[in-house]
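Chain residues, written in single-letter form:
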Amino acid sequence: MKNITKEEFAKLVELKLAKVFGVSSKEASKRIMYRALCLTVKDLITEKRVGYKAKVRGEGKKQVYYMSMEFLLGRSLRNHLFNSGLLDQATEAMKDMGFDIKDLMEIEPDAGLGNGGLGRLAAAYMDSLTSLGYPAGGFSIRYDYGIFKQRIVDGWQMEMPDEWLKEGDVWLNPREEDTFEVQFGGRVVEDWTDGKLKVRLEGATTILAVPYDMNITGYNSDAVNVLRLWSAKSPVDFDMKLFEKGQYVKAIESKAMAEAISKVLYPADDHYEGKCLRLRQQYFFVSASIQSILKKHLLHNKDLSNLPDRIAIHINDTHPTLCIPELMRILLDEYGYSWEDAWDIITKTISYTNHTVMSEALEKWPQELFKTMLPRIYQIICEINRRFCIVLWDAYPNQYDKISKNAILSDGLIRMANLDLAASHTINGVSQLHSNILINDVFADYYKIAPYKFTNVTNGITYRRWVGEANPKLANLITDLIGNKWLDDANELEKLLKYQNNKKVITQLESIKRENKVKLAEYIKEHNNVSVDPDSIFDVQAKRSHEYKRQLLNALQILDLYNRLKANPDLDIVPKTYIFGAKAASSYFMAKQVIRLICQIGEVVNNDPDIKGKLKVVFLENYRVSLAEIIMPASEISEQISIAGKEASGTGNMKFMINGAVTMGTMDGANVEIHERVGDENIFIFGMLADEVDKLVKEGYHPTTYYQNDERIRKIVDMLRGEIGGVSFSEIADYLTFGRGGQADPYMCLADFDSYVSAQNRANEAYKDRQRWGRMSLVNIAKAGFFSSDRSVEEYAKRIWNLEKI
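Criteria and cut-off values
Residues numbered from 1 in each chain as written. Predicted model: local features only at pLDDT ≥ 70, side-chain atom pairs only at ≥ 80, totals over all residues. Heavy atoms only, no water. Helix = DSSP H or I, 4+ residues; strand = E, 2+ residues; numbered from the N terminus. Rg over C-alpha atoms; globule rule 2.2 N^0.38 Å. Contact = heavy atoms within 4.5 Å. Areas by Shrake-Rupley, 256 points an atom, 1.4 Å probe, with all protein chains shown as cover. Phe/Tyr/Trp six-rings, centres within 6.5 Å; stacked < 30°, edge-to-face > 60°. Lys NZ or Arg CZ within 6 Å of the ring centre and 35° of its normal. Axes fitted to C-alpha atoms, helices over the stretch in contact; angles between N-to-C directions. Left-handed = near helix turned anticlockwise from the far one by under 90°. Nonpolar A, V, L, I, M, F, W, Y, C, P; charged D, E, K, R; others polar. Expected span 1.5 Å × (residues − 1). Buried < 20%, exposed > 50% of the residue type's maximum accessible area, 1.4 Å probe, protein only. Polar contact = N/O pair within 3.5 Å; in protein donor to acceptor, adjacent residues only side chain to side chain. Parallel < 35°, antiparallel > 145°, perpendicular 65-115°, else oblique. Pairing = 2+ DSSP bridges. Patch = residues over 30% accessible without salt bridge, like charges linked within 9 Å, V, L, I, M, F, W, Y side chains within 5 Å. Salt bridge = Lys/Arg side-chain N within 4 Å of Asp/Glu carboxyl O.

Chemist: Break down the overall build of the protein for me, with residues and values.
Modeler: Of regular secondary structure, the protein possesses 35 helices and 25 strands. For a compact globule of 806 residues, the expected C-alpha radius of gyration is about 28 Å, and the protein comes in at 27 Å, within 12% of that figure. Here the C-alpha coordinates of the protein stretch approximately 90 × 75 × 60 Å along the principal axes. For the protein, contacts bridging at least 24 residues in sequence account for 76% of all contacts bridging at least 6. Accessible surface computed for the protein: about 31800 Å², of which carbon and sulfur atoms make up 49%.

Chemist: Go over the packing of aromatic side chains, please, and point to the residues and values.
Modeler: A full pass over the atoms with the stated rule returns 21 aromatic pairs. Between Arg 770 and the ring centre of Tyr 767, over which it is positioned, the NZ or CZ distance is 4.0 Å. It is Arg 791 that lies over the ring of Phe 786; its NZ or CZ is 4.1 Å from the centre.

Chemist: Residues and numbers for the packing of helix 25 (residues 589–605) against helix 32 (residues 730–737), please.
Modeler: Packing of helix 25 against helix 32 leaves a shortest axis separation of 10 Å and a crossing angle of 115°. Viewed along their axes, helix 25 and helix 32 form a crossing whose handedness is left-handed. Contacts between helix 25 and helix 32 involve Phe 589, Met 590, Gln 593, Val 594 and Leu 597 on the former and, on the latter, Glu 731, Ile 732 and Tyr 735. Tallied by class, the residues present in the contact of helix 25 with helix 32 amount to 6 nonpolar, 1 polar and 1 charged.

Chemist: Run through helix 25, naming residues and quoting values.
Modeler: For helix 25, which comprises 17 residues, the first-to-last C-alpha distance of 24 Å matches the rise-based estimate of 24 Å (1.5 Å per residue) to within 8%. Taken across its 17 residues, helix 25 has 14 buried, putting it largely inside the fold.

Chemist: Before we move on, can you summarise the side chain of Thr 462 with the specific residues and values?
Modeler: Mapped onto the elements, Thr 462 comes out in the loop between strand 19 (454–456) and helix 21 (463–469). In this structure the side chain of Thr 462 is engaged in a polar contact, spanning 3.1 Å, whose partner is the side chain of Arg 120. Beyond its immediate chain neighbours, meaning those up to four positions away, Thr 462 contacts Arg 120, Ala 124, Asp 127 and Ser 789.

Chemist: Summarise the packing of helix 33 (residues 749–768) against helix 34 (residues 770–782); cite the residues concerned and give the values.
Modeler: Taken N-terminus to C-terminus, the directions of helix 33 and helix 34 make an angle of 110°; their axes are 5 Å apart at the nearest point. One element, helix 33, and the other, helix 34, form an angle in the roughly perpendicular class. Residue-level contacts link Ala 763, Ala 766, Tyr 767 and Lys 768 of helix 33 to Arg 770, Arg 772, Trp 773 and Met 776 of helix 34. Class assignment of the residues belonging to the contact of helix 33 with helix 34 gives a composition of 5 nonpolar, no polar and 3 charged.

Chemist: Run through the sheet that holds strand 17 (residues 413–415), naming residues and quoting values.
Modeler: Read across the open sheet, the 3 strands follow the order 15-17-16; overall the sheet is antiparallel. The open sheet has two edge strands with one neighbour each: strand 15 (364–366) and strand 16 (409–410). Two strands pair when backbone bridges link them, and strand 15 and strand 17 are joined in this way by 3 bridges, in the antiparallel orientation. Counterpart to Trp 365 in the pairing with strand 17 is Ile 414.

Chemist: Provide a residue-level description of a nonpolar patch on the surface, including the pertinent values.
Modeler: A grouping of Val 153, Met 158 and Met 160 is seen on the molecular surface, where their side chains present a nonpolar patch of about 250 Å² in accessible area. Its place among the elements puts Met 158 in strand 6 (residues 156–160). Classification of Met 158 by relative accessible area gives partly exposed; the value is 40%.

Chemist: Break down the sheet that holds strand 25 (residues 684–685) for me, citing the residues and quoting the values.
Modeler: Here we have 6 strands laid out as an open sheet, ordered 22-21-20-23-24-25, and parallel in their pairing. Edge positions in the sheet fall to strand 22 (615–619) and strand 25, since each has one partner strand and no second. Where strand 24 (residues 662–665) meets strand 25, 2 bridges bridge the pair, whose relative direction is parallel. Bridging across to strand 25, Met 664 finds its partner in Phe 684. Running at roughly 65° to strand 22, helix 23 (residues 503–528) makes contact with strand 20 (537–542), strand 21 (576–581) and strand 22 of the sheet.

Chemist: Before we move on, could you go through the pairing of strand 10 (residues 196–202) and cite the residues and values that matter?
Modeler: Across 7 bridges, the pairing between strand 9 (residues 187–193) and strand 10 is antiparallel. Among the inter-strand pairings, Trp 192 is bridged to a residue of strand 10, identified as Leu 197. Between strand 9 and strand 10, which pair antiparallel in sequence order, lie 2 residues; one of them, Asp 194, sits at a positive phi of approximately 50°.

Chemist: I'd like to hear about helix 28 (residues 671–678), residue by residue, with values.
Modeler: Counting buried residues in helix 28 gives 6 out of 8 residues, a clear majority hidden from the surface. Of all the positions in helix 28, only Asn 671, Val 672, Glu 673, Ile 674, His 675 and Val 678 are classed as buried. Residues of helix 28 that are buried make contact with helix 19 (432–442), strand 23 (637–640), helix 27 (652–658), strand 24, strand 25 and helix 34. Remark: Gly 679 follows helix 28 within two positions and exhibits a positive phi of approximately 85°.

Chemist: Give a description of the pattern of salt bridges that names residues and reports values.
Modeler: A full pass over the atoms with the stated rule returns 60 salt bridges. The shortest N-O distance in the salt bridge between Arg 376 and Asp 333 comes to 2.8 Å. Note that Arg 376 is positioned in helix 16 (residues 375–395) and Asp 333 in helix 13 (residues 323–334), a separation of 43 residues in sequence. A residue is classified by how much of its surface remains accessible, and Arg 376, at 13% relative accessible area, is buried. Note that Lys 517 and Glu 636 form a salt bridge whose closest N and O atoms lie 2.7 Å from each other. Of the two residues, Lys 517 is situated in helix 23 and Glu 636 in the loop between helix 26 (625–634) and strand 23; the sequence distance between them amounts to 119 residues. Residue Lys 517 is classed as buried on the basis of its relative accessible area of 3%. Given a relative accessible area of 4%, Glu 636 falls into the buried group. Salt bridges here are not isolated pairs; linked through shared partners, they connect Arg 175, Asp 178, Asp 213, Arg 228 and Lys 295.

Chemist: Give a description of the side chain of Asp 608 that names residues and reports values.
Modeler: Along the chain, the position of Asp 608 falls in the loop between helix 25 and strand 22. For Asp 608, the residues in contact, after removing those within four places along its chain, are Tyr 562 and Lys 566.

Chemist: Quick one: what's the story with unusual backbone geometry, residue by residue and with numbers?
Modeler: Notably, Asn 220 is not glycine yet its phi reads approximately 55°, a positive angle. By the secondary structure assignment, Asn 220 is in the loop between strand 11 (205–217) and strand 12 (224–233). Notably, Asp 411 is not glycine yet its phi reads approximately 55°, a positive angle. With respect to the element layout, Asp 411 can be found in the loop between strand 16 and strand 17. A relative accessible area of 63% places Asp 411 in the exposed class.

Below, the structure written as structure tokens:
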């Protein structure tokens, strides 16, 4: 495709305008031109997909299917053009036709089918699988409204529908011929026929799963893979008999109930109905996906016995765990496999990535809810559990507590992570620290039974998107210095190290950073009506809002700096702009309170003339991929401050790093591996280590001691109990000191406060030496190659999935 000239590209767009919209480029509106441009690109990609699909079939190579409830894709137009080598031609063609391609790209909404790192990782791996030429498919749900569109009103997060399909639908290819039925409820009927048990459901509710395919391109690759998204639909849209009886609402009830399944990602589950909907979503998604995988397999294979040789199914966190019993159900009930043969197929086919060490995030479902909604699946899980408990008993005889803890069913709950352990041939963590915690703590009992199953694959990012696309001037500088091979092999970035003491290069790097800061400052002025100084330090914390990620610790440190500036407006610091981006789950009250606190701090400090403009605080609403593409290139300090031992990996830290930001972080997640690569002098490490955190928890964390002994903390907590911008945050003050239900802040912000403030002071001193800071920035870029998702995918492909490139 890269050989297409701008004139040829323009002709294709004109043809699309005429055939689909009945207009020429001179008559087209921006919206029509945007859609024509997208459809033209989609046609070229789809044509390429046809050829690649034929090649995959011809070579008969093994394929991986990546199952994830989230795929945080962001915008696709620029990504497809960049990957296909058509960005320059398309830009020039649009210019000749009277349009600015940047304006057209702004029309495209983010495909917000995710909430954070989990979904972005899934998108990155599909990108890298395609770039490297591995046959792969992704499966998820076509959420009508994605996660949500965040609005900040008087400091409060408000959730609004994210209508991404209005313009994002242009990339979807409906495949109604591959619609599958998914059944809920009913009762299990067992019949013995010819000495074999036949099992069927009676009285079940049927939901149709309608597939929509989205093409995934890779950089400089002949491959085009597909992400399949399922939309829920009722078999009957409208019940005429009920309508004629005057039951108008009842007549459309089944349609509404079915479509609710694919309306919103992660509906609030702090009530029974929300839990039911989440479970429906998960089973709907995996049942349709497994049926689709098996149908495709049987088109080219006589039976399912060779399934592990032809496909790998990968479970991205616990949400798709029902793949396991659903595949068992189909093998047992529809194809007549014995239990032993079916289980053998499954345990050679399925692998699992764990993304959390937090027990509350390891999904558990009430058995009664499960039994009612998925009766046959419940039966199968019961039998898996029975056999698994025999394994546990052999390993831990008479240790009932240990067996109960590791069983799939216990205490009235179904533990999804334990089901993953039982069925997966490989289980991996996503950073070395995280994987160590899994085998030494979270899954320590099972690790002793099957140590061969466990491994580590440190997360990675699509570095071409985060530099090549989002930061083109930096990309051009890198290419000028070391050539363009780094776009195919991120390890080439190491060659930048020879320029770390080159003042001219450091000055160029600083100039590019300032241009990106100006761009972000303009965005902040337009959207927040706050003027920020591009010559101030841009210190950024942009990630999902959660207590363990400790946006609250950052807020406390900002209040301390504000207090110091109030006491001494001539304090010798480099002016600082703190920038936040975060979405909190709709039912997560404390996370929302912290967002409100940050917003109120901004209201106070941004309007206080006493501090002479040395401190600004900005909360950017509706954090998303396209906004991150503006933030990352402009950032200078990357806040990665979770309490040690809680962040599995993080990928934002890698995106900041490759754009030249210096990490301010604890020894948590992938920060540990960043530190190993850049060294003490190119990162700001603070806080307790993971074993120190464990020790403090065991000895007892007493936050009132910090309150009593540290005047800075006492002053901040008293401010929270009073008013900040006219709002009292006494609940946060109590949380920090006394806690909820007798337990103070489990993420121990006050314990790391002093160390954090010291690290901030070290960063301030380092920034004053512009050559030193520039050298730190360059070293971070040069050492970021390891954190490419290409490297991660190669590890999965070789060590877990056993794939070969086409």
